[in-house]
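So the chains spell out like this:
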Amino acid sequence: MSTPSHISIRNLSVHYGLGHKVLGERLVVKAIDDVSLDIPKGSFFGLVGESGSGKTTLGRAILKAAPITSGHVRYNDGEAEFDIANIGKAELKDYRKRAQLIFQDPYAALSPRMTVRDIIAEPLEVMGLTSSRDETDERVREIAAKCRLNLEHLRRFPHAFSGGQRQRISIARALVCQPKFIVADESVAALDVSIQADILNLLRTLQEDMDITFLFISHDLSVVAHTCDQVAVMYLGSIVETAPSRELFSTPRHPYTKALLSAIPSLDPDDRGRAQKLEGEIPSPANVPSGCRFHTRCPIAKDNCRVDAPAWRELAPEHMVACHYADETVAAAPL
Ligand code: SF4
């Protein structure tokens, strides 16, 4: 039996109208375009793609921090359910306790004028989740210990900490309300490689201990490969492939996924010449190519790809892909 969905997304679009017209037509930026996706409860779910693919907008739409143009996002943690596109003010308050964001930049995310104790305590106080200062302090100490922060750190200001420690403070702030769902948006991208593994291990431990579902957004497939249970690959506002992590990295089906994987640096000198360089830039979401939106950069595109959008189909259990020729694109494992 498959794990129930914590987040169920159906035909979700986030479009922004630009103020000016080009050749008499008002431009529409299709940041997210008709996306459907299920994030299983208790999973560490990876969302990957180049910068400009729409990953951050999708994470924000799930958190009701980006306007939903059409479609649905349904949240169900087993205790509470929400229809995010149509959520009311009172429900949104409850939702904010259950779904939180860990920011990318641990330097910009923390107020330099607040102590670490106050930074972590703020969500509890704003949402009125504790009834006394002692109770707030108790909750802050508890989550600080879980995030491997020393209690003496709580009296200090953020500038006294390294990038890794600051990210642990950000994580403690996001988790202090005991959320059930977390969007971690490029949460290790600003850190040194040596610190990244430490933070990733911490996130996985917290996810298991606190029974949280994670949406882990990253442009770096090598980070996702060793962390996530399942992965969705996004290109120009659309999901092009999803699969269990091991399957995706051993048997990628979509040419875009293959190109991203082959760009991961290899320690094997024999592999270094095999990278499939992705030609050109990702097109503008205000001017999405016809047919398959990847056809302008796809190394195996054929004439019909310029006209016909590929159907979303299952090629192996839980391995879905949108490519006319995915059956022909099985590649050797790059990792
Ligand atoms: Fe490439 Fe065509 Fe597949 Fe799109 S449908 S990824 S253009 S082969």
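Residues numbered from 1 in each chain as written. Predicted model: local features only at pLDDT ≥ 70, side-chain atom pairs only at ≥ 80, totals over all residues. Heavy atoms only, no water.

The next point concerns the site of the ligand. Neighbouring the ligand are the residues His254, Pro255, Cys292, Phe294, His295, Cys298, Ile300, Ala301, Cys305, Cys323, His324 and Tyr325. Taken atom by atom, the bulk of the ligand overlaps the largest cavity. Here the shell around the ligand is composed, by residue class, of 9 nonpolar, 3 polar and no charged. (Near = heavy atom within 4 Å. 1 Å grid on protein atoms, 1.4 Å probe; cavity = no way out; pocket = protein on both sides within 12 Å on 5 of 7 lines; lining within 4 Å. Sits in = over half its atoms within 2 Å of the grid points. Nonpolar A, V, L, I, M, F, W, Y, C, P; charged D, E, K, R; others polar.)

Let us now look at the sheet that holds strand β6 (residues 99-102). Sheet architecture is open: 8 strands sit in the order β6-β7-β8-β3-β9-β10-β12-β11, paired in mixed fashion. Strand pairing shows two members of the sheet lacking a second neighbour, β6 and β11 (313-316), which therefore form its edges. Ignoring strand direction, the axes of neighbouring strands in this sheet form an average angle of 20°. Bridging between β11 and strand β12 (residues 319-321) involves 3 bridges; their strand directions are antiparallel. Bridge pairing links Ala316 to His319 in β12. Lying over the sheet, helix α1 (residues 55-62) contacts β3 (44-48), β6, β7 (181-185), β8 (213-218), β9 (230-235) and β10 (238-244), oriented at roughly 155° with respect to β8. Relative to β6, helix α2 (residues 89-98) is tilted by about 50°, and along the sheet it contacts β6 and β7. (Pairing = 2+ DSSP bridges. Helix = DSSP H or I, 4+ residues; strand = E, 2+ residues; numbered from the N terminus. Axes fitted to C-alpha atoms, helices over the stretch in contact; angles between N-to-C directions. Contact = heavy atoms within 4.5 Å.)

In total, this model carries 8 aromatic pairs according to the counting rule given. Ring centres 4.8 Å apart and planes at 10° place the aromatic pair Phe44 and Phe214 in the stacked group. Of this pair, Phe44 sits in strand β3 while Phe214 sits in strand β8, and the two are 170 residues apart along the sequence. Taking 5.2 Å as the distance between ring centres and 80° as the angle between the ring planes, the aromatic pair formed by Tyr75 and Tyr95 counts as edge-to-face. Residue Tyr75 is located in strand β4 (residues 70-76), and its partner Tyr95 is located in helix α2; the two are separated by 20 residues in the primary sequence. The same class applies to Tyr75 as to Tyr95, namely buried. Taken together, the aromatic side chains of Phe44, Phe214 and Phe216 make up a single cluster linked through ring pairs. Stacked on the ring of Tyr325, the Lys or Arg Lys302 has its end atom at 4.3 Å from the ring centre. (Phe/Tyr/Trp six-rings, centres within 6.5 Å; stacked < 30°, edge-to-face > 60°. Buried < 20%, exposed > 50% of the residue type's maximum accessible area, 1.4 Å probe, protein only. Lys NZ or Arg CZ within 6 Å of the ring centre and 35° of its normal.)

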